Amino acid sequence: MKKFFVAAAFGVAFSVSGALAANDTLNLGVVLEPPHLDPTAGAAAAIDEVVYANVMEGLTRIDASGAVKPALAKSWDISSDGLTYTFKLHTGVKYHDGTMFDSADVKFSLDRARGEKSVNAQKALFKAIKSVAAPSSDTVVVTLSQPTGSFLFNMGWGDAVIVAPESADANKTSPVGTGPFKFKSWSKGNKIDLVRNDAYWGTAAKLKSATFKFISDPTAAMAAMMAGDVDGFPNFPAPESMGQFKADPRFEVVIGSTEGETILSMNNGKGPLKDIRVRRAIAHALDRQAIIDGAMFGNGTPIGSHFAPHHPAYVDLTGRYPYDLEKAKKLLTEAGYPNGLKVKMKLPPPSYARRGGEIIAAQLKKIGIEAEIIPLEWAQWLKEVFKGLDYDLTIVSHTEPMDIGIYARETYYFDYHGEAIKKVMADLDATADEKGRYALMAKAQKIVADDAVNGFLFQLAKSGVWKKGVKGLWHNAPVQANDLTGVYWE
Amino acid sequence: MAIFFLRRALTLFATLVATSIIVFLVLEVIPGDPAAVMLGVNAQADTLAALRAEMGLDLPATERYFNWTLGLLQGDMGNSYTYGVPVSELVAERVVVSLPLALMAIVLSTVIAIPVGVLAAARHNKPTDLGVMGVSQIAVAIPNFWFAILLILLFAVKLQWFSAGGFAGWENGFWGALKSLLLPAVALALPQAAILARVTRSSVLEIMGEDYIRTARAKGLGKSSALWRHGVRNALIPVITIMGLQFSFLLAGTIIIENVFYLPGLGRLIFQAIAQRDLIVVKDLIVLLAGTVVVVNFIVDMLYAVLDPRLRGGGHG
Amino acid sequence: MGEIFKKGLGNRSFVIGGVVTIIFILIAGISLLWTPYPFDEMTIASKLKTPSGDHWLGTDHFGRDVFSMMMVGARNSIVVSLVAVSIGAGFGIPLGALAAARGGWVDEAVMRFNDFTFAFPALLSAVMITALAGPGAVNSIIAIGIFNVPVFARITRGAALPIWKREYIMAARVSGKGPVQISIEHVIPNIASVLIVQATIQFALAIIAEAGLSYLGLGTQPPNPSWGKMLSEAQTFMFLAPHLALFPGMAIALMVLGLNLLGDGLRDVLDPRLRRQR
């Protein structure tokens, strides 16, 4: 109560000041609130979207175009057999709590991520590491058990940021890193404040402070933009509003691409979808453009397999199962369902899932499949669908870059156990030259499409909108991040 | 009088205890492991067990119940499963939105309803009265969340005088924050005002027919002063009772209205906590809200007894 | 019955309320046989259209015909509310009658139960039940039904108590009839008018409650349309298609208004003495 009165008293005194926003601070609206702030201990993209590149850094980083750039490692040498990586680290780097950064922290972080007790959500990234040595305070030698073409890219993921043993355990609530911004405060359900790290080892950030405000509801997001409460949304939750923003001279709209393959995931392990004919029938009944128009107001690119269209190795497989309701019904009859069947469609909260789900249910109804829509919150979805595999259909967007490897995993929620894809992914790991890699990636896409493992819908667009004058925000999202290091007001 | 007070106080206590037991039991039945919710999908079995022991989830039900209630009495509401911070912190952050909202709604509805009700009674069966009755009939039928949406359509979308939702925050200016609570308060106040106006009107009408009013008029007092001096004061008794009862509807209304306007208040917190299966927040908030309603009812009963001595004699349920 | 009806026709509230209610019930009934378009037919190319000759009330964000959705929505609202109120009455009336008949500790127990449930704002318990047990029409029926029970219990008890003091009841008791029999034969028929009026009011409240739950996403689930859900979808498209927010809300308000007027009219017709209590 006291807090309220004091705040009110101050509020009266400063009530006029609300209008002018200082132009060295940025208020960003984000849709999902992270469950905690340690990117090495959670799968939620929302964590990286606050912390990546801003507060915490890794050996390498991914830049706006998806290229690998040096970060804490200023240079590296790769042995000719591709098994030994020698990283030279920057010196004079301090963590936000004042402790020094050195090779011991790198060894600690990598061993922690790949260790037995690791809670790292992307343990696979570190699988190939055989040993990590820190021969001197600015040198780290990583030895791999087999050549891994994507190793440097992997070390640029948010799950591979370098943490300090002194602060690692508290990172969930107050993250300590080496980045150009320091974590200031987290008002639960409301916002996270960052301030510039004036002791940063590299080029200082231009912004003095930044705030991430959590606004998931499309109307509230619209209201916040119109009222100027936020300066922008890197990914605005209401695609239907983009037209209005485009017409408004105050704002700049940038529709980019993300690494999010939005798919209709199917339970390949049990139930009616175990049968490939049923899965193919569904594929023939999907009208992708209608889904994109209805759920995303036209923002999004159709995909035919689990690969991003903007990637050079992309193969257009959208025609693999052309829209053909008769063929779909025939396949269902062959599979033993001449009169249709009932399935459960469990949907997480995002509007691409809920709206997309409604549209798909209507499309499936045309071939006799009755999809019961069951809405779930993320926690329930993780428990029932992702972990419990208790579903027939679901819709989710996989936003990790180059993640077609999930189809080769032993246990994943699709419950798909194709042998061909495992071989291709293993070969890919061992191949370093670009041409060979691209050929193998093409092969992987075809296998996944041929087996109709999932219904491939569209690539999630990044609907960025911000006030004119804000410069430096990413147009695309090659990794899950809101990199503010180069952002400034014009 | 003292016995009456004691009896009511006992009922109050019993109701609170019963509420806490029932809430506890209902949420016991809900499946789901809070430790898994907190640690996430990839947690190991032994970490889960350790967290469960730390949260005291492996104790028998009765022990957990008493730990919880004793904690509540001392102001310790436990830690939220979703956020890991003390629930009391969450409540403190949210109450500075919900409380001003509720107060604004009460003030608005009272300020509108009582004079309108009295006016209608004074002009009984004349056009003003019929007009008031008609409007209040409609106002009661309108769902408050639809009224809220209409307000947003007119004042935020069309006229752009207000924002379409969200809370400006007290730290960004007192009037700004108050402004973001205005439309929600109006939406909340409308159905309450309608009901209050009708109750005021009928209560005043009843009083006006009473003997002592006739006596006052016989003594020469004009219609208006008779009304104000004797009628209104006594008419206020049932009005206050209704206001007290309305409090629980107000609370229910804030859940929906806070959702319509995306206000970070207690109502929205309960809704989000239920959705996220953050059972500890749910338990605490329900007991808190139900407790507030019970206490308010108790106060209203006391007020009622003070104002109307006829009631003090054997308390009724 | 006939003379009550004739009396009713002279009462303005009764007539207006009755007509409005019947119109909605008819619309709901017709929706079982015919709607202008199938309510779940999506024509995404013609989404968010304003009312026209083709689509009398326009189309929603998936291109579905709003008028057809409203008709089916009426059906869903009425069914949910009717069943919920019936549950409330079905459990509440016997409970209240029992309390009035037995008195003593049974009465005290029922009173405590009532007090306790009144402490819970109705919407809060409904939100809790539907969110925890899972959203859907069935669970909202249960949730709304549950908080109708104490209302009917209280009303029944309050109305039945004075009846028990009447002389012919004493006579019946002396002649050996048990309290249950007396309740059924004498008490309930006498308080029927109160109960009918209350049921009408509760029906109106249930319509609003169902709409509120659906608005929050806890009630009738897609693809089944419900007025509350239509309102919440309309809110996200407020800037693009404001007309979508008008019709479902108007429907709710009209239906509730009709029921309230009907209840008022019934009260006037069945028992004018009750009028003073309002």
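Residues numbered from 1 in each chain as written. Chains lettered and ligands numbered in written order. Predicted model: local features only at pLDDT ≥ 70, side-chain atom pairs only at ≥ 80, totals over all residues. Heavy atoms only, no water.

### Structural notes on the overall build of chain A
Keep this limit in mind: A run of H or I in DSSP becomes a helix once it reaches four residues, and a run of E becomes a strand once it reaches two; helices and strands are each numbered from the N terminus. With C-alpha atoms as the basis for the radius of gyration, the globule rule is written as 2.2 Å multiplied by the number of residues raised to the power 0.38. Note on exposure labels: buried denotes an accessible area under 20% of the residue type's maximum, exposed denotes more than 50%, and partly exposed covers the range between, all computed with a 1.4 Å probe on protein chains only.
The helix and strand inventory of chain A stands at 13 helices and 19 strands. For 490 residues, the compact-globule formula gives about 23 Å, and the C-alpha radius of gyration of chain A, at 24 Å, lands near that figure. Expressed as lengths along the three principal axes of its C-alpha atoms, the size of chain A is roughly 70 × 60 × 40 Å. A buried classification covers 55% of the 490 residues belonging to chain A.

### Notes on the overall build of chain B
Cut-off, in case you're wondering: Whether two residues touch is decided by their heavy atoms; if any such pair falls within 4.5 Å, the residues are in contact. For the accessible areas, the method is Shrake-Rupley and the probe is 1.4 Å, while residue cover comes only from the protein chains on display.
Assigned secondary structure in chain B consists of 12 helices and zero strands. When the elements of chain B are put in sequence order from the N terminus, they spell out α-α-α-α-α-α-α-α-α-α-α-α. Relative to its 317 residues, chain B shows a buried fraction of 50%. Of the contacts formed within chain B by residues at least 6 apart in sequence, a portion of 72% connects residues at least 24 apart. Within the structure as shown, chain B displays about 14400 Å² of accessible surface, and the carbon and sulfur contribution to it stands at 68%.

### Looking at the interface of chain C and chain B
Heads up, the condition is: Accessible area that two parts lose when put together, evaluated with a 1.4 Å probe and summed over both, is termed the buried area. Any carboxyl oxygen of Asp or Glu that lies within 4 Å of a side-chain nitrogen of Lys or Arg is treated as forming a salt bridge with it. For this analysis, a polar contact is any N or O atom pair within 3.5 Å, provided that within protein one partner can donate a hydrogen and the other can accept it, and provided that sequence-adjacent residues contribute only side-chain to side-chain pairs.
Contact residues are listed per partner, giving 38 residues for chain C and 44 residues for chain B. Together, the buried faces of chain C and chain B total about 3700 Å²; carbon and sulfur atoms form 77% of this surface. There are zero salt bridges connecting chain C and chain B. Remark: the boundary between chain C and chain B carries three residue pairs in polar contact (both at pLDDT 80 or more).

### Quick word on the nonpolar core
Note the threshold: What we call a nonpolar core is a set of buried Ala, Val, Leu, Ile, Met, Phe, Trp, Tyr and Cys residues that are connected through their side-chain atoms within 4.5 Å.
B:Val260, B:Phe261 and C:Trp227 are the most contacted members of the largest nonpolar core, which has 129 residues in total. Top element by residues in this core is helix α8 (residues 179-215) of chain C. It accounts for 13 residues. Setting aside its immediate chain neighbours within four residues, B:Val260 contacts B:Phe145, B:Ala148, B:Ile149, B:Ile152, C:Tyr215 and C:Gln235. If you look at the next biggest cluster of nonpolar residues, it comprises 69 residues, including A:Phe307, A:Val343, A:Phe456 and A:Leu460.

### As for the interface of chain C and chain A
Let me state the cut-off plainly: Three classes are used, and their members are as follows: Ala, Val, Leu, Ile, Met, Phe, Trp, Tyr, Cys and Pro are nonpolar, Asp, Glu, Lys and Arg are charged, and the others, Gly among them, are polar.
Each partner contributes residues to the interface: chain C has 18 residues there, and chain A has 16 residues. Between chain C and chain A the total buried area reaches about 1600 Å² when both faces are included, carbon and sulfur atoms providing 66% of it. For the interface between chain C and chain A, the tally reads three residue pairs in polar contact (both at pLDDT 80 or more). Along the lines of polarity and charge, the residues of the side of chain C that touches chain A split into 10 nonpolar, four polar and four charged.

### Considerations on the confidence of the model for chain B
Residue and element names in this part refer to chain B. Short version of the rule: As a per-residue quantity, pLDDT reports the predictor's confidence and falls between 0 and 100.
With 78% of its residues at a pLDDT of 70 or more, chain B has an overall mean of 77. Throughout residues 312-317 the model reports pLDDT below 50, and contacts reaching past four residues in sequence, or to other chains, amount to nine contacts. For this predicted complex, the interface confidence reaches an ipTM of 0.84, while the overall pTM sits at 0.80.

### Some points on the sheet that holds strand β6 (residues 129-136) of chain A
All names here are of chain A. Selection criterion: By definition, two strands form a pair when at least two bridges between them are found by DSSP. In this description, a line fitted to the C-alpha atoms serves as the axis of each element, helices being fitted only across the stretch in contact, and the angle between N-to-C directions of two axes falls anywhere from 0 to 180 degrees.
Strand order in the open sheet made by the four strands is β4-β5-β7-β6, with antiparallel pairing throughout. Of all strands in the sheet, those with a lone pairing partner are β4 (73-78) and β6, marking the two edges. The mean angle between the axes of side-by-side strands here comes to 20 degrees, regardless of whether they run parallel or antiparallel. Sheet topology places strand β5 (residues 84-89) next to strand β7 (residues 139-144); five bridges connect them, and they run antiparallel. Residue pairing across strands places Thr-84 opposite Thr-143, the latter belonging to β7.

### Examining the domain arrangement of chain A
Residues and elements named next belong to chain A. Threshold: Each domain's limits were defined by an automated method or a database of domain assignments.
According to the domain assignment, chain A contains domain 1 (8-34 + 183-250 + 468-489), domain 2 (56-170) and domain 3 (258-461). Put simply, the middle of domain 1 and the middle of domain 3, counted by C-alpha atoms, are 33 Å apart. Across the domain 1 to domain 3 interface the summed buried area is about 860 Å²; carbon plus sulfur atoms make up 52%. Broken down residue by residue, the surface that domain 1 buries against domain 3 is led by Pro-239, Glu-240 and Gln-480, which jointly contribute 50%.

### A short note on empty space enclosed by the protein
Residue and element names in this part refer to chain C. Where we set the bar: Think of a 1 Å grid over the protein atoms and nothing else: a 1.4 Å probe that fits but is trapped marks a cavity, an open set flanked by protein within 12 Å on at least five of seven lines marks a pocket, and residues with an atom within 4 Å of a point count as lining. Grid points are joined across faces, edges and corners, and a volume is the space filled by probe spheres set on the points.
Evaluation of the coordinates by the stated rule reveals nine cavities of 30 Å³ or more. Put simply, the largest cavity is a space of about 190 Å³. Taken together, 17 residues make up the lining of the largest cavity; nearest its centre are Asp-60, Arg-64, Met-69, Met-230 and Glu-233. When contributions to the lining of the largest cavity are tallied by element, the ones reaching two or more residues are α3 (66-102) and α9 (227-236). For the lining of the largest cavity, the element with the highest residue contribution is α9, accounting for four residues. Taken together, the residues that form the lining of the largest cavity break down as nine nonpolar, three polar and five charged.

### Some details on helix α2 (residues 12-31) of chain C
Applied cut-off: A helix is expected to reach a length of 1.5 Å times the quantity of its residues less one.
Under the 1.5 Å per step criterion, the end-to-end length of α2(C) is 29 Å for 20 residues, consistent within 8% with the ideal 28 Å. Within the sequence span of α2(C), burial applies to C:Ser13, C:Phe14, C:Gly17, C:Gly18, C:Val20, C:Thr21, C:Phe24, C:Ala28 and C:Ser31.

### Brief notes about unusual backbone geometry
Looking along the chain, the bond that leaves C:Pro222 and enters C:Pro223 is cis, with omega of 5 degrees. Along the polypeptide, C:Pro223 turns up in the loop between α8 and α9. A positive phi angle, close to 55 degrees, is found at A:Asp415, a residue other than glycine. Note on placement: A:Asp415 falls in the loop between β16 (393-398) and α12 (419-430). Under the relative-accessibility criterion, A:Asp415 is labelled partly exposed at 23%. Positive phi, normally seen in glycine, also occurs at B:Tyr262, with a value near 50 degrees.

### Comments concerning the environment of A:Glu358
Inspection of the secondary structure puts A:Glu358 in helix α10 (residues 351-365). Given a relative accessible area of 8%, A:Glu358 falls into the buried group. Taking the C-alpha atoms as reference, A:Glu358 lies 9.3 Å from A:Ile291; in sequence the two are 67 residues apart. In this structure A:Glu358 touches A:Ile373, C:Met42, C:Phe62, C:Arg64, C:Pro222 and C:Glu233, once residues within four positions along its chain are discounted.

### A short note on the packing of α9(C) against helix α10 (residues 246-270) of chain C
Residue and element names in this part refer to chain C. Quick reminder of the rule: Each crossing gets its hand from how the near helix is turned against the far one by less than a right angle, where anticlockwise is left-handed and clockwise is right-handed.
Running from N to C, α9 and α10 point in directions that differ by 145 degrees, and their axes come no closer than 8 Å. The handedness of the crossing between α9 and α10 comes out as left-handed. Contacts from Trp-227, Met-230 and Leu-231 of α9 reach α10 at Pro-248, Gly-249, Ala-251, Ile-252 and Met-255. A class-by-class count of the residues in the contact of α9 with α10 yields seven nonpolar, one polar and no charged.

### Section: helix α13 (residues 434-450) of chain A
Residue and element names in this part refer to chain A. Under the 1.5 Å per step criterion, the end-to-end length of α13 is 24 Å for 17 residues, consistent within 8% with the ideal 24 Å. Regarding α13, the residues found buried are Arg-437, Leu-440, Met-441, Ala-442, Ala-444, Gln-445, Ile-447, Val-448 and Ala-449. Those residues of α13 that are buried lie in contact with α12 and β17 (455-467). Taken from the residues just after α13, Ala-452 is the one with a positive phi, measuring 45 degrees.

### Points about the pattern of salt bridges
Residues and elements named next belong to chain A. Per the stated rule, a full pass over the model turns up 27 salt bridges over all chains. Put simply, Asp-63 and Lys-69 hold a salt bridge, and the shortest N to O gap is 3.2 Å. A residue is classified by how much of its surface remains accessible, and Asp-63, at 14% relative accessible area, is buried. One connected set of salt bridges, linked through shared partners, spans Lys-107, Asp-111 and Arg-114.

### Side note on the packing of aromatic side chains
All names here are of chain A. Note the following rule: Each pair of aromatic rings taken from Phe, Tyr and Trp, with Trp reduced to its six-membered ring, is defined by centres within 6.5 Å and is described as stacked if the planes are under 30 degrees apart, edge-to-face if over 60, and tilted in the remaining cases.
Tallied over the full model, the rule gives 24 aromatic pairs over all chains. Judged by centre distance (5.8 Å) and plane angle (70 degrees), the rings of Trp-381 and Tyr-413 are edge-to-face. Placement of Trp-381 in helix α11 (residues 378-387) and of Tyr-413 in the loop between β16 and α12 is noted, with a sequence separation of 32 residues between them. Given the relative accessible area of 4%, Trp-381 is considered buried. Classification of Tyr-413 by relative accessible area gives buried; the value is 1%. These aromatic residues form a ring-pair network of at least three members: Trp-381, Phe-386, Tyr-391, Tyr-407, Tyr-412, Tyr-413, Phe-414, Tyr-416 and Phe-456.

### Points about the pairing of strand β12 (residues 251-266) of chain A
Consecutive side chains of a regular strand alternate in pointing toward one face of the sheet and then the other. Residues and elements named next belong to chain A. With respect to burial, β12 is a largely interior element, 14 of its 16 residues being buried. As judged from the 11 bridges shared by β12 and β17, these two strands associate in the antiparallel manner. Residue pairing for β17: Glu-252 is matched across the bridge by Trp-466. Inspection of the sheet shows β12 paired to β16 by six bridges, in the antiparallel sense. Its bridge partner lying in β16, Glu-261 is registered against His-398.

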